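Breakdown of the fold
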Amino acid sequence: MKPLTRALDEAARQLTLTSDTARLDAELLMAEALNIDRDKLLLNPPDKDPPKRFWTMVERRAKGEPVAYITGRRAFWDIDIHVGPGVLVPRPDSEVLIASAIAHFEGKADGPGRILDLGTGPGTLLLAALDLWPKATGIGVDSSRRALSYASANARRLGFDDRAKFKLGDWADGIAEGFDLILCNPPYVAEDEELGPGVAEHEPDEALFAGPDGLDCIRRLAPEIPRLLNPGGLAAVEIGAGQAAAARPLLERDGLKSSIAKDFGGRDRAVLLTRA
Ligand code: GLN
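Identification of the protein as Release factor glutamine methyltransferase from Sphingomonas sabuli is taken from an unreviewed UniProt entry. On record in UniProt, under Function (unreviewed entry), the comment for the protein is "Methylates the class 1 translation termination release factors RF1/PrfA and RF2/PrfB on the glutamine residue of the universally conserved GGQ motif." According to its UniProt record, the protein has this under Sequence similarities (unreviewed entry): "Belongs to the protein N5-glutamine methyltransferase family. PrmC subfamily."

Attention now moves to the overall build of the protein. Helices and strands together make up the secondary structure of the protein, namely 12 helices and 9 strands. Its C-alpha atoms give the protein a radius of gyration of 20 Å, near enough to 19 Å, the size a compact globule of 276 residues would have. Projected onto its principal axes, the C-alpha positions of the protein cover 65 × 40 × 35 Å. Sorting the 276 residues of the protein into buried and exposed places 51% on the buried side. In the protein, the proportion of contacts linking residues at least 24 apart, taken out of those at least 6 apart, comes to 64%. Counting every atom, the protein has about 12,800 Å² of accessible surface; 50% of that belongs to carbon and sulfur. Of the side-chain charges in the protein, 35 are positive and 43 negative, and the distance between the mean point of each set is 4 Å.

With 33 residues, the main nonpolar core has Leu97, Ile115, Leu127, Leu130, Trp133, Leu181 and Leu183 as its most contacted residues. Breaking this core down by element, the ones donating at least two residues are helix 5 (67-71), strand 2 (79-82), helix 6 (95-105), helix 7 (124-132), helix 8 (145-158), strand 6 (179-184), strand 7 (229-238) and strand 9 (268-275). Among the elements that make up this core, the one with the highest residue count is helix 7 (6 residues). Contact partners of leucine 183, with chain neighbours within four places excluded, come to Leu97, Ile98, Ile115, Leu116, Asp117, Leu118, Leu125, Ala129 and Ala236. One finds Ile182, Ile225, Ala247 and Val271 within the second-largest nonpolar core, a separate group that totals 28 residues.

Bringing the UniProt feature "binding site: substrate" (unreviewed entry) in the protein into the picture now. This chain's UniProt record puts "binding site: substrate" (unreviewed entry) on Asn185, Pro186, Pro187 and Tyr188. Cross-referencing the annotated residues with the lining of the second largest pocket gives Asn185, Pro186 and Pro187. Among the structural elements, asparagine 185 can be located in the loop between strand 6 and helix 9 (199-202). Judged by relative accessible area, asparagine 185 falls into the buried class, the value being 15%. At 3.5 Å, the side chain of asparagine 185 and the side chain of serine 94 are in polar contact. Examined against the element boundaries, proline 186 turns out to sit in the loop between strand 6 and helix 9. Looking at proline 186, the relative accessible area reads 2%, which means it is buried.

Here the focus is the site of the ligand. Taken together, the neighbourhood of the ligand is formed by Arg91, Asn185, Pro186, Pro187, Tyr188, Val189, Leu195, Val199, Ala207 and Leu208. Within the side chain of tyrosine 188, a nitrogen or oxygen atom sits 2.9 Å from a nitrogen atom of the ligand. In isolation the ligand has 300 Å² of accessible area, and contact with the protein removes 87% of it. Split by residue class, the shell around the ligand holds 8 nonpolar, 1 polar and 1 charged.

This part takes up a negative patch on the surface. A cluster of like negative charges, contributed by Glu191, Asp192, Glu193 and Glu194, occupies part of the molecular surface. Of note, glutamate 194 is situated in the loop between strand 6 and helix 9.

Attention shifts here to the layout of surface pockets. To locate leftover empty space, one rolls a probe as large as a water molecule over the atoms. Considering only enclosed or pocket space, the second largest pocket measures out at about 390 Å³ in volume. Considering the residues around the second largest pocket, the lining is formed by 28 residues, among which Gly119, Thr120, Gly121, Asp142 and Ala207 are closest to the centre. At the level of elements, helix 7 and strand 4 (137-142) are the ones that each hand at least two residues to the lining of the second largest pocket.

Evaluation of the coordinates by the stated rule reveals 21 salt bridges. Of the charged contacts in the structure, one is a salt bridge between glutamate 27 and arginine 38, with a shortest N-O distance of 2.8 Å. With glutamate 27 in helix 2 (residues 22-34) and arginine 38 in helix 3 (residues 38-43), this pair connects stretches of sequence that are 11 residues apart. For glutamate 27, a relative accessible area of 8% puts it in the buried group. The network of salt bridges with common partners includes Asp170, Asp173, Arg220, Glu224 and Arg227.

The rules behind each value
Counting from 1, residues in each chain are numbered in the order their sequence is written. Given that this is a predicted model, residues contribute local features only at a pLDDT of at least 70 and side-chain atom pairs are listed and counted only at 80 or more, while totals for whole chains, interfaces and linings are drawn from all residues. With hydrogens and water set aside, each side-chain value is computed from the structure's full complement of heavy atoms. UniProt positions are given in the numbering used here, feature names are shortened, and annotations may be inferred rather than shown by experiment. Per the convention used, a helix needs a DSSP run of H or I reaching at least four residues, while a strand needs a run of E reaching at least two, with both numbered from the N terminus. Our radius of gyration looks at C-alpha atoms and nothing else; its globule reference is 2.2 Å times the residue count to the power 0.38. Only protein chains enter the accessibility calculation, which uses a 1.4 Å probe; a residue whose area is less than 20% of its type maximum is buried, one above 50% is exposed, and one in between is partly exposed. Whether two residues touch is decided by their heavy atoms; if any such pair falls within 4.5 Å, the residues are in contact. All accessibility values rest on the Shrake-Rupley procedure with a 1.4 Å probe; residue burial counts only the protein chains present in the view. All tallies of charge rest on Lys and Arg as positive and Asp and Glu as negative; His and the ends of each chain are not included. Each charge is placed at NZ for Lys, CZ for Arg, CG for Asp and CD for Glu. Take the buried Ala, Val, Leu, Ile, Met, Phe, Trp, Tyr and Cys residues and link them wherever side-chain atoms come within 4.5 Å; each set so joined is a nonpolar core. A 1.4 Å probe that fits but cannot get out identifies a cavity on a 1 Å grid over protein atoms alone, an open set with protein on both sides within 12 Å along at least five of seven lines counts as a pocket, and a residue lines either if it has an atom within 4 Å of a point. Identification of polar contacts relies on pairs of N or O atoms within 3.5 Å, with a donor-acceptor requirement for protein atoms, meaning one able to donate a hydrogen and the other able to accept it, and with residues adjacent in sequence counted only if both atoms are side-chain atoms. Each residue is tested against the molecule or strand, and it is near if at least one of its non-hydrogen atoms lies within 4 Å. Here the term charged refers only to Asp, Glu, Lys and Arg, the term nonpolar to Ala, Val, Leu, Ile, Met, Phe, Trp, Tyr, Cys and Pro, and the term polar to all other amino acids, Gly among them. For patch detection, residues must exceed 30% relative accessible area and be free of salt bridges, and they are connected within 9 Å for like charges or within 5 Å for nonpolar side chains (Val, Leu, Ile, Met, Phe, Trp, Tyr). Salt bridge criterion: a side-chain nitrogen from Lys or Arg within 4 Å of a carboxyl oxygen from Asp or Glu. Grid points are joined across faces, edges and corners, and a volume is the space filled by probe spheres set on the points.

Okay, here's the thing in structure tokens:
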């Protein structure tokens with residue numbers, strides 16, 4: 001057995017207690033430690049010992065730290081988002097917002113021209129959308145300076161700095177224009193809800209928790225959406241798996257019509273709003 005294969009087996013074994021995706025985690029950490037793509041690691045593994053830092057990374061992961069904080073990045077839709085402690089790691093669940101936007105604008109003469117991302121974190125949804133619609137421009141808002149410094153660095157690295165503006169702020173306060181696409185992954189976890197291993201310990205509370213039922217932020221931003229959404233546009237707001245029935249009536253107001261989008265695991269994951 002090649003030394004790298006043996007090391008991956010051993011690391012995956014060590015990580016099974018802390019992670020549901022132990023093997024994947026080990027592969028991502030190994031690829032990062034070797035500075036190669038995971039595809040290359042799997043298809044054509046170098047015949048050498050794992051670098052020492054691999055085991056340091058495995059140790060950090062075994063203590064619950066998210067893989068993305070250790071590697072410094074996370075793939076989201078077609079782009080890589082750089083992240084670190086203090087910002088929410090992009091989740092595959094949120095990709096349903098991007099898939100819904102693609103479906104909404106498919107077959108229309110134009111994609112979204114103006115995009116707003118409320119609670120952009122490291123720029124996740126805005127930058128994935130700017131990557132898909134090269135003529136679009138947009139604004140990402142967040143109340144965390146740290147998140148916005150990641151977001152601007154991500155925009156620069158991806159070559160979108162002339163199309164993405166970031167604003168420190170409280171939801172849509174001070175924003176007066178209309179948008180064709182509004183994306184929002186607000187905090188929506190109820191105060192006493194259990195999260196996945198390591199999430200509450202390592203990721204920022206202010207990006208996760210939103211009051212006793214998890215709906216405080218949605219209550220706060222729901223009244224803003226009607227005035228911000230252009231005719232023909234789409235707003236997609238992420239919700240927790242059990243929140244559709246409660247969140248929908250909050251968001252469907254002032255002439256907006258709503259539907260629910262499911263994530264790739266088949267759970268309710270977003271409220272989609274259009275003008276009726
Ligand atoms: N889906 C995330 C989790 O359960 C929560 C993200 C959020 O509140 N926006 O870890």
